[in-house]
Amino acid sequence: MSPLGELIAPRRLGRDFRWLLASSWTSNIGDGIALSAAPLLLASLTSSPLLVAAGAMMQFLPWLLCGLVAGSIADHHDRRRLVMLANGSRAVIVLGLVVFLATGQVTVAVVLASAFLYGTAEVFADTAGSTLMPMLVRPGDLGIGNTRLQAGYLVGNQLAGPPLGAFLFALGSFWPFLLQIVCVSLAVVLISRIARTPVPAKDEPTTDAPKVHPIREGLQWLRAHPPVRTLVVIILVFNVTWAAPWSILVLYATEHLDMGAVGFGALTTASAIGGLAGTACFGWLERHVSFATLMRVCLSLEVLMHLALALTTIPAVAFIIMFGFGAYAFIWGTISTTVRQRLVPLHLQGRIASVNMVGVFGGLVIGQLLGGLIAQGWGLTAPWWFAFGGSAITLLLVWRSISHIAAARPVLGEPDRDDDAA
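Overview of the structure. Every chain begins its residue count from 1, and numbering advances along the sequence as written. At least 70 in pLDDT is required for a residue's local features to be given in this predicted model, at least 80 for side-chain atom pairs to be given and counted, and no such filter applies to totals for whole chains, interfaces and linings, which use all residues. Here the side-chain values reflect all heavy atoms present in the structure, with hydrogen atoms and water set aside.

1. What to know about the overall build of the chain
Here is step 1: A tally of helices and strands in the chain yields 17 helices and 0 strands.
Here is step 2: Restricting the calculation to C-alpha atoms gives the radius of gyration, and the globule rule supplies 2.2 Å times the number of residues raised to the power 0.38. Its C-alpha atoms give the chain a radius of gyration of 21 Å, near enough to 22 Å, the size a compact globule of 422 residues would have.
Here is step 3: C-alpha atoms of the chain, sized along the principal axes, occupy 60 × 50 × 50 Å.
Here is step 4: Accessibility here uses a 1.4 Å probe with only protein chains present; expressed as a share of the type maximum, an area under 20% marks a residue as buried, one over 50% as exposed, and anything in between as partly exposed. Relative to its 422 residues, the chain shows a buried fraction of 51%.
Here is step 5: The contact definition used throughout considers only heavy atoms, calling two residues in contact when any of these lie within 4.5 Å. In the chain, of all internal contacts separated by at least 6 residues, the share reaching a separation of at least 24 is 86%.
Here is step 6: Counting every atom, the chain has about 18800 Å² of accessible surface; 69% of that belongs to carbon and sulfur.
Here is step 7: Distance from the positive charge centre (25 side chains) to the negative charge centre (21 side chains) of the chain: 4 Å. In this text, helices come from DSSP runs of H or I with a minimum length of four residues, and strands from runs of E with a minimum of two, each type numbered from the N-terminal end. A 1.4 Å probe and the Shrake-Rupley method give the accessible areas. Residues count as covered only by the protein chains that appear here. As used throughout, the charge tally considers Lys and Arg to be positive and Asp and Glu to be negative, leaving His and the chain termini uncounted. To locate a charge, take atom NZ for lysine, CZ for arginine, CG for aspartate or CD for glutamate.

Structure representation (structure tokens):
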């Protein structure tokens, strides 16, 4: 293997991990293309802000409606095959949209319906896909494996995909969606190369106790395990406080900072570049700093970021803050995913991951609603003050619990480092 290949996907992670990584990166490019092309398509069909916003909501809504069901299904079926079926369904859904575009019959209703169906298939693909990593790599390599997946998300979904989607849309409304079909279909082919993954089995009960519904079983396990439960609550609350100001970021950038549309796009790009910097140094951080310390630092930086953006009126300062946000946010994302995967039994990975994702998207929906209401009543910096206060109070309440989360004994085996809190 070349030095670059060893850097991207170390040989010790195995061939199956490389197929998973290639599939994830390819799929993320397709999703990044749609990230810009889908809103552009809706905006070309309607001038209603509500209908344009509904396009994003249609992809969030399936997580709230069927996220827990997807987790239960992932824990009882071949997860690799589920990812293949879900991604194949996504390709078919986009193909249907392309047919409407090519025949000139596309409407707002068609686009919104396609977004909802695509989002539903994505719930099953992402839930089942998130369970594959612990089945393919050693527990001690989960951190580096998740970092590589995060890097693919940043490059494909946040940096390369959106401008490519916008460029192709300018050539013709159906071109970005055709390339999206190619990317998602290729992702199916790549993940099919992974050796068949067995359905995780749990020991059958020896008593005559009544059988518990799979979703309830997952929720009961979560309730009985404080470290994972607290981690899920932290993610939920911090997503509420994060989404509140982010919901009006375009207005904050263009009106409060007077940066214009290009400046707004540059802010999000700065965040993505910061994320790449964060993922690049994660391996060193994982070897030299305890997870408890890293978690506290990341959450503390988020609190300070909200305060800084509430106070600043200087675009250059905002760029620096957004770069820093991207760096620590993706380090936090890698740590929280890795910790959760280590603490959850294989046969429950899908259900607990789905509860986590329902919390993520539930927090986004609640935060976006609150952000709009707060900005409407108290101005464009008010959501940042809300985020600062809410995240600061939450961090104080969970500060001691973070030690217990990071020091909890992994059920998948001991990691190759000491993650005990200092």
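2. Topic: the packing of aromatic side chains
Here is step 1: When the centres of two rings from Phe, Tyr and Trp lie within 6.5 Å, Trp using its six-membered ring, the rings pair. Their planes under 30 degrees apart give stacked, over 60 give edge-to-face, and anything left gives tilted. Evaluation of the coordinates by the stated rule reveals 10 aromatic pairs.
Here is step 2: Look at Phe325 and Tyr328: their rings are 5.6 Å apart centre to centre, the planes differ by 90 degrees, and that puts the pair in the edge-to-face class. In this pair, Phe325 and Tyr328 both sit in helix H15 (residues 315-343), 3 residues apart, roughly one turn of the helix. Side by side, Phe325 and Tyr328 carry an identical accessibility label, which is buried.
Here is step 3: Ring centres of Trp385 and Phe388 lie 6.3 Å apart, and the angle between their planes is 80 degrees; this geometry places the pair in the edge-to-face category. Taken together, the residues span about one helical turn, with Trp385 and Phe388 both in helix H17 (residues 382-407) at a distance of 3 residues.
Here is step 4: On the basis of relative accessible area, Trp385 is assigned to the partly exposed category, the value being 39%.
Here is step 5: Taken together, the ring pairs in this structure connect Trp242, Trp246, Tyr252, Phe325, Tyr328 and Trp384 into an aromatic cluster.

3. A short note on the packing of helix H10 (residues 226-246) against helix H16 (residues 349-378)
Here is step 1: The convention used is that axes are lines fitted to C-alpha atoms, helices contributing only their stretch in contact, and that angles between N-to-C directions extend from 0 to 180 degrees. Contact geometry of H10 with H16 gives a least axis separation of 6 Å together with a crossing angle of 25 degrees. Judged by the angle between their axes, H10 and H16 are roughly parallel. As H10 packs across H16, the resulting crossing turns out to be right-handed. Mapping the contact onto sequence places Val228, Val232, Ile235, Leu236, Asn239, Val240, Trp242, Ala243 and Ala244 in H10 and Ile352, Val355, Asn356, Gly359, Val360, Gly363, Leu364, Ile366, Gly367, Gln368, Leu370 and Gly371 in H16.
Here is step 2: When its residues are assigned to classes, the contact of H10 with H16 shows 14 nonpolar, 7 polar and no charged. Here roughly perpendicular refers to angles of 65 to 115 degrees, roughly parallel to angles under 35, roughly antiparallel to angles over 145, and oblique to all remaining angles. Note on convention: the crossing is left-handed when the near helix lies turned anticlockwise from the far helix by less than a right angle, right-handed when the turn is clockwise. Side-chain classes follow a simple rule in which Ala, Val, Leu, Ile, Met, Phe, Trp, Tyr, Cys and Pro form the nonpolar group, Asp, Glu, Lys and Arg form the charged group, and the remainder, Gly included, forms the polar group.

4. Quick word on the nonpolar core
Here is step 1: With 60 residues, the main nonpolar core has Met295, Met305, Leu309, Trp332, Ile335 and Trp384 as its most contacted residues.
Here is step 2: Once you skip the residues sitting within four places of it in the chain, Leu309 turns out to touch Tyr252, Ala318, Ile321, Met322 and Trp384.
Here is step 3: Note on terminology: a nonpolar core comprises buried Ala, Val, Leu, Ile, Met, Phe, Trp, Tyr and Cys residues joined through side-chain atoms within 4.5 Å. Leu42, Leu112, Ala121 and Val184 belong to the second largest nonpolar core, which has 21 residues in total.

5. As for the packing of helix H7 (residues 142-171) against helix H8 (residues 175-191)
Here is step 1: The geometry of H7 relative to H8 is characterised by a closest axis approach of 7 Å and an angle of 130 degrees between their N-to-C directions. Classified by the angle between their axes, H7 and H8 sit oblique to one another. In this structure, H7 contributes Leu164, Gly165, Leu168, Phe169 and Leu171 to the contact, and H8 contributes Trp175, Pro176 and Leu179.
Here is step 2: Here the contact of H7 with H8 is built from residues that sort into 7 nonpolar, 1 polar and no charged.

6. Side note on the pattern of salt bridges
Here is step 1: By salt bridge we mean one thing: a side-chain nitrogen of Lys or Arg within 4 Å of a carboxyl oxygen of Asp or Glu. Counted according to the given criterion, the structure contains 8 salt bridges.
Here is step 2: The shortest N-O distance in the salt bridge between Arg138 and Asp141 comes to 2.8 Å.
Here is step 3: Overall, the relative accessible area of 3% leaves Asp141 in the buried class.
Here is step 4: If you follow the salt bridges from partner to partner, you end up with Asp75, Arg79, Glu217 and Arg351 in one network.

7. Here we look at unusual backbone geometry
Here is step 1: Backbone geometry at Asp258 places phi at a positive 55 degrees, although glycine is not the residue there.
Here is step 2: Secondary-structure assignment places Asp258 in the loop between helix H11 (249-256) and helix H12 (260-280).
Here is step 3: By relative accessible area, Asp258 is classed as exposed at 64%.

8. Considering a nonpolar patch on the surface
Here is step 1: Side chains of Leu164, Phe167, Leu171 and Trp175 sit close together on the surface and give an oily, nonpolar patch of about 420 Å² of accessible area.
Here is step 2: Counting residues per element, the nonpolar patch draws most heavily on H7, which supplies 3 residues.
Here is step 3: Inspection of the secondary structure assignment puts Phe167 in helix H7. Like-charged residues within 9 Å of one another, or nonpolar side chains (Val, Leu, Ile, Met, Phe, Trp, Tyr) within 5 Å, are grouped into patches, provided each residue has over 30% relative accessible area and no salt bridge.

9. Re the environment of Ser336
Here is step 1: Among the secondary structure elements, Ser336 is positioned in helix H15.
Here is step 2: What makes Ser336 buried here is its relative accessible area of 6%.
Here is step 3: Ignoring sequence-local partners within four residues, the contact set of Ser336 consists of Leu231 and Ile235.
Here is step 4: Here Gly333 takes part through its backbone oxygen, which lies 3.1 Å from a polar atom of the side chain of Ser336. Distance and chemistry together define a polar contact, namely a pair of N or O atoms within 3.5 Å, with one atom able to donate a hydrogen and the other to accept it when in protein, and with adjacent residues in sequence counting only for side-chain atoms on both sides.

10. Some points on the side chain of Glu122
Here is step 1: In this fold, Glu122 is placed in helix H5 (residues 108-130).
Here is step 2: Assessed through its relative accessible area of 14%, Glu122 is described here as buried.

11. Quick word on the state of the cysteines
Here is step 1: Two cysteine sulfurs form what is called a disulfide whenever their separation falls within 2.5 Å. Overall, the coordinates contain 0 disulfides when judged by the stated rule.
Here is step 2: Unpaired in terms of disulfides, Cys281 finds its nearest cysteine sulfur in Cys298, a separation of 9.6 Å.
Here is step 3: Looking at Cys281, the relative accessible area reads 32%, which means it is partly exposed.
Here is step 4: Overall, the relative accessible area of 4% leaves Cys298 in the buried class.

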